[in-house]
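# Structure at a glance
Below are the chains, spelled out letter by letter.
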Amino acid sequence: DAKTTQPPSMDCAEGRAANLPCNHSTISGNEYVYWYRQIHSQGPQYIIHGLKNNETNEMASLIITEDRKSSTLILPHATLRDTAVYYCIVRAMNAGNNRKLIWGLGTSLAVNP
Amino acid sequence: KAGVTQTPRYLIKTRGQQVTLSCSPISGHRSVSWYQQTPGQGLQFLFEYFSETQRNKGNFPGRFSGRQFSNSRSEMNVSTLELGDSALYLCASSYLPGTDMNTEAFFGQGTRLTVV
């Protein structure tokens, strides 16, 4: 199964960009990279996903390296409300050709005033 | 549009009992996935249902089961509860099943189950 590796924790100053790295060296060619975040006591929230091109939406930007073995989620102007655990996920394929999300332990981002 | 609704929000059960958790997906969504979240293990996939059929299953014992109704609402059941089943159980809905590569999932607030 494709898995991801993320640093367990990061700090960021309010108003600055938060760059969250993720390694997914075993990713397959047709597997997407997804990012979710989970604010304490809430369910995970979808942020963004991509295949090989860089993606941007109203929440964040996703930069995927050319070899697709790593990616970076960028929150351009972090606020205190961005304090959460951020999960980088790739879909894994099982023997039945069904895909499921494999979640790691994520990165706990603390945005400081 | 209403989000994913999970009931109950909190539950306390004793060992050996069984429990049923409910999930109502976003209107129009036909896929429902269930996850178990514990501090040490993170989110672990339980199973996924689409159009009343189980499409995918994680590595959990047979005590964990689920079903989906014709209105896409889903229930999961855990029988013979063990202390280790204490966790946050999350439900996610999406329009298409997880086998579709370009689908985002919307999560509910979860049900916090405590087994004593």
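Anyway, here's the lowdown on the structure attached to this text.

Rules used throughout
Residues numbered from 1 in each chain as written. Chains lettered and ligands numbered in written order. Predicted model: local features only at pLDDT ≥ 70, side-chain atom pairs only at ≥ 80, totals over all residues. Heavy atoms only, no water. Helix = DSSP H or I, 4+ residues; strand = E, 2+ residues; numbered from the N terminus. Rg over C-alpha atoms; globule rule 2.2 N^0.38 Å. Contact = heavy atoms within 4.5 Å. Areas by Shrake-Rupley, 256 points an atom, 1.4 Å probe, with all protein chains shown as cover. Lys, Arg positive; Asp, Glu negative; His and termini not counted. Charge placed at Lys NZ, Arg CZ, Asp CG, Glu CD. 1 Å grid on protein atoms, 1.4 Å probe; cavity = no way out; pocket = protein on both sides within 12 Å on 5 of 7 lines; lining within 4 Å. Points joined across faces, edges and corners; volume = space filled by probe spheres on them. Pairing = 2+ DSSP bridges. Salt bridge = Lys/Arg side-chain N within 4 Å of Asp/Glu carboxyl O. Buried < 20%, exposed > 50% of the residue type's maximum accessible area, 1.4 Å probe, protein only. Disulfide = S-S within 2.5 Å.

Here the focus is the overall build of chain A. Along the backbone of chain A there are zero helices and ten strands. Going from N to C terminus, chain A has its helices and strands arranged as β-β-β-β-β-β-β-β-β-β. Taken over C-alpha atoms, the radius of gyration comes to 14 Å for chain A, in line with the 13 Å a tight globule of 113 residues would show. Taken along its principal axes, the extent of the C-alpha atoms in chain A is 45 × 30 × 25 Å. Summarising the internal contacts of chain A: among those between residues at least 6 apart in sequence, 56% fall at separations of at least 24. By element, 48% of the accessible surface of chain A is carried by carbon and sulfur atoms, the whole surface being about 5600 Å². Across chain A, the centroid of the 10 positively charged side chains sits 6 Å from that of the 9 negatively charged ones.

This next bit is on the layout of surface pockets. A volume near 340 Å³ is recorded for the largest pocket. Gln38, His40, Val85 and Tyr87 of chain A together with Gln37 of chain B are the residues nearest the centre of the largest pocket, which is lined by 15 residues in total. Secondary-structure elements contributing two or more residues to the lining of the largest pocket are β8 (84-93) of chain A together with β4 (31-38) of chain B. A total of three residues in the lining of the largest pocket trace back to one element, the largest contributor, which is β8 of chain A.

With that out of the way, let us pick up the sheet that holds strand β2 (residues 18-23) of chain A. Residue and element names in this part refer to chain A. Spatially, four strands are ordered β2-β7-β6-β5 in an open sheet, and the strand pairing comes out antiparallel. Here the strands that pair on one side only, and so sit at the sheet edges, are β2 and β5 (55-56). Two strands pair when backbone bridges link them, and β2 and strand β7 (residues 70-75) are joined in this way by six bridges, in the antiparallel orientation. In the sheet register, Pro21 faces β7, and the bridge partner there is Thr72.

The next thing to look at is the pattern of salt bridges. Summed over the entire model, instances satisfying the criterion amount to five salt bridges over all chains. Linking Arg37 of chain A and Asp82 of chain A is a salt bridge whose minimum nitrogen-to-oxygen distance equals 2.8 Å. Of the two residues, Arg37 of chain A is situated in strand β3 (residues 33-38) and Asp82 of chain A in the loop between β7 and β8; the sequence distance between them amounts to 45 residues. Asp82 of chain A matches Arg37 of chain A in its accessibility class, with the two residues each being buried. Here Glu82 of chain B makes a salt bridge to Arg63 of chain B, at a shortest N to O gap of 3.6 Å. Of this pair, Glu82 of chain B sits in the loop between β8 (74-78) and β9 (87-94) while Arg63 of chain B sits in the loop between β6 (53-57) and β7 (64-68); the two residues are 19 residues apart in sequence, bridging distant segments of the chain. According to the relative accessible area criterion, Arg63 of chain B is buried, its value standing at 17%. Through salt bridges with shared partners, a single ionic network connects Arg63, Glu82 and Asp85 of chain B.

This brings us to the state of the cysteines. Here the structure, examined in full by the defined rule, presents two disulfides over all chains. At a sulfur-sulfur separation of 1.7 Å, the disulfide partner of Cys23 of chain B is Cys91 of chain B. Because the torsion about its S-S bond is -50°, the bridge between Cys23 of chain B and Cys91 of chain B counts as left-handed. One end of the pair, Cys23 of chain B, is in strand β3 (residues 19-24); the other, Cys91 of chain B, is in strand β9, and 68 residues separate them in sequence. Neither Cys23 of chain B nor Cys91 of chain B differs from the other in exposure class; each is buried. Free of any disulfide, Cys12 of chain A has its nearest cysteine sulfur in Cys22 of chain A, 18 Å distant. By relative accessible area, Cys12 of chain A is classed as buried at 8%.

Right, let's talk about the environment of Ala18 of chain A for a bit. Following the sequence through the fold, Ala18 of chain A ends up in strand β2. Beyond its immediate stretch of four places on either side in the chain, Ala18 of chain A contacts Cys12, Leu73, Ile74, Leu75, Ala78 and Leu109 of chain A.

Any functional reading would require information that these geometric values do not contain.
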